[in-house]
Amino acid sequence: MRKLLLFLLVLLISACKNTQQRNMGNYVLVIHGGAGTILKKNMTPEKEARYKAGLEEALKKGYSVLEAGGTSLDAVEATIHILEDNPLFNAGKGAVFTHDGRNELDAAIMDGKTLAAGSVAGVRTIKNPITLARAVMEKSEHVMMVGNGAEQFAAEVGVEIVDTSYFRTEERWQGLQNALKEDSIKAKLDHSFLTPQKAGTINRDNKFGTVGCVALDHSGNLAAGTSTGGMTNKKYGRVGDAPIIGAGTYANNKTVAVSCTGWGEFYIRSVVAHDLSALMEYKGLSVQVAGKTVIKKVGDLGGDGGLIALDKDGNMAMPFNTEGMYRGAVTKDGKIEILIYKE
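Given the structure is predicted, the values throughout are model-derived calculations rather than measurements.

Draft legend 1. Up close: the overall build of the protein chain. Looking only at helices and strands, the protein chain has 9 helices and 12 strands in total. When the 343 residues of the protein chain are sorted by exposure, 53% land in the buried category. In the protein chain, once contacts between residues fewer than 6 apart in sequence are set aside, the share between residues at least 24 apart is 70%. A total of about 15900 Å² of accessible surface is found on the protein chain, and carbon and sulfur atoms cover 55% of it.

Structure follows, in structure tokens:
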């Protein structure tokens, strides 16, 4: 009798493990809307509901593309369109302002099947930068285009162009004014006009909001995309990690698709997205362990942020070292999960 009970117990444990493994490998699309100092005490119920609704709309859009037989690239582009058009997020319509009071947009997309990639940086008139990034990948011999040249290419290939006023939102404008004020106060307190400083902008809590998506389609192909308005009050045409392949965006069918958000300088120096893939390919780490490992590296250098990752088997990870990260995922059967705070 005891042997029978022991046998049944072993079967039960095995069944539970198999169920957990199936659930773990059940994801087809993951998104993020930026990481940073996101505290529930600072969020009104109305604003939280708006963020969740925006994330849910994006997840539903991407899932509908995959369900209809669309590719992971199609799903990533369509999903990011929703986030770029939502002024809550620092991408497209909701892009933050530079020190000079302009909006400069960056984006990248990558095909895990072929390792083809496209990216744009410092564009000012492109309604959906992720679409221009895909055009660079598919309609040019290049991987990255910047500034006026990228906009000229957009006009030639028919990517939608808008007036710069399209990107102006009052909330982002006030964000710039606050950042400028903080810089002024800090300069006086630190007497920085007497002390040599590195040129640039820190504004640690004003820079997050990048959006990203990773997807796995019915053919087993991965794709990743990232889009951002950059850093509030940024100067000198600064470009972060989002449009840099291997730093903020990466996809490889052998391993994983990754999209990052955070303090871009540290992600570039750590080559975070590719490092995550390499840890999986060369050391055999799971996507969860590899994700935590690379975020720890960012933190050890002094940077902060997070990422989303989806491996070739449908396992996902969403590690971050900030107070929160707007994030969500959808499973093969359409179940949607949305999270904001550190939980």
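Structure shown, so let's carry the discussion forward.
Draft legend 2. Layout of the nonpolar core. Counting 50 residues, the largest nonpolar core has Leu29, Phe89, Leu132 and Tyr326 as the members making the most contacts within it. When residues no more than four places from it in sequence are discounted, the contact partners of Tyr326 are Ile31, His32, Gly33, Gly34, Ile38, Met43, Tyr51, Leu55, Phe89, Leu339 and Ile340. In this structure, Ala224, Trp263, Tyr267 and Val287 belong to the second largest nonpolar core, which totals 39 residues.

Draft legend 3. Just the pairing of strand β5 (residues 211-216), in detail. Extensive coverage of β5 is indicated by the burial of 6 of its 6 residues. Residue alternation in β5 divides its side chains into two sets, Val211, Cys213 and Ala215 and Gly212, Val214 and Leu216, and both sets are buried. The pairing of strand β1 (residues 27-36) with β5 spans 4 bridges and is classified as antiparallel. Counterpart to Leu29 in the pairing with β5 is Ala215.

Draft legend 4. Local environment of the packing of helix α8 (residues 272-283) against helix α9 (residues 287-301). Between α8 and α9, the shortest axis-to-axis distance is 9 Å and the interhelical angle comes to 140°. One element, α8, and the other, α9, form an angle in the oblique class. Between α8 and α9 lies a crossing of right-handed hand. Listed contacts from α9 to Val272, Asp275, Leu276, Leu279 and Met280 of α8 are Val287, Ala290, Gly291, Thr293, Val294, Lys297 and Val298. Residue composition of the contact of α8 with α9, grouped by class: 8 nonpolar, 2 polar and 2 charged.

Draft legend 5. Fine view of the sheet that holds strand β11 (residues 324-331). Spatially, the 8 strands line up as an open sheet ordered β4-β3-β2-β6-β5-β1-β11-β12, and their pairing is mixed. The sheet is open, and its two edges are formed by β4 (144-146) and β12 (336-341), each paired on a single side. Recorded for the sheet is a direction-independent mean angle of 10° between the axes of neighbouring strands. In the packing of helix α3 (residues 72-84) onto the sheet, the strands contacted are β1, β2 (105-111), β5 and β6 (222-228), and the crossing angle to β5 comes to about 155°.

Draft legend 6. Molecular detail of the packing of aromatic side chains. Counted according to the given criterion, the structure contains 6 aromatic pairs. On the numbers, 5.1 Å between centres and 80° between planes, the contact of Phe97 with Trp173 is edge-to-face. Separated by 76 residues along the polypeptide, Phe97 in the loop between α3 and β2 and Trp173 in helix α6 (residues 170-190) bring together distant segments of the chain. Take Trp173: its relative accessible area is 24%, and that puts it in the partly exposed class. Between Trp263 and Phe266 the ring centres are 5.0 Å apart and the planes differ by 80°, which places this aromatic pair in the edge-to-face class. For the pair formed by Trp263 and Phe266, the shared burial category is buried. Through a chain of ring-to-ring contacts, the aromatic side chains of Tyr51, Phe89 and Tyr326 assemble into a single cluster. When the ring centre of Trp173 is taken as origin, the NZ or CZ atom of Arg168, which lies over that ring, is 4.4 Å away.

Draft legend 7. Highlighting the environment of Val136. For Val136, the position within the fold is in helix α4 (residues 129-139). Through-space distance from the C-alpha of Val136 to that of Val157 is 9.5 Å; in sequence the pair is 21 residues apart.

Conventions adopted
Residues numbered from 1 in each chain as written. Predicted model: local features only at pLDDT ≥ 70, side-chain atom pairs only at ≥ 80, totals over all residues. Heavy atoms only, no water. Helix = DSSP H or I, 4+ residues; strand = E, 2+ residues; numbered from the N terminus. Buried < 20%, exposed > 50% of the residue type's maximum accessible area, 1.4 Å probe, protein only. Contact = heavy atoms within 4.5 Å. Areas by Shrake-Rupley, 256 points an atom, 1.4 Å probe, with all protein chains shown as cover. Core = buried A, V, L, I, M, F, W, Y, C linked by side-chain atoms within 4.5 Å. Pairing = 2+ DSSP bridges. Axes fitted to C-alpha atoms, helices over the stretch in contact; angles between N-to-C directions. Parallel < 35°, antiparallel > 145°, perpendicular 65-115°, else oblique. Left-handed = near helix turned anticlockwise from the far one by under 90°. Nonpolar A, V, L, I, M, F, W, Y, C, P; charged D, E, K, R; others polar. Phe/Tyr/Trp six-rings, centres within 6.5 Å; stacked < 30°, edge-to-face > 60°. Lys NZ or Arg CZ within 6 Å of the ring centre and 35° of its normal.

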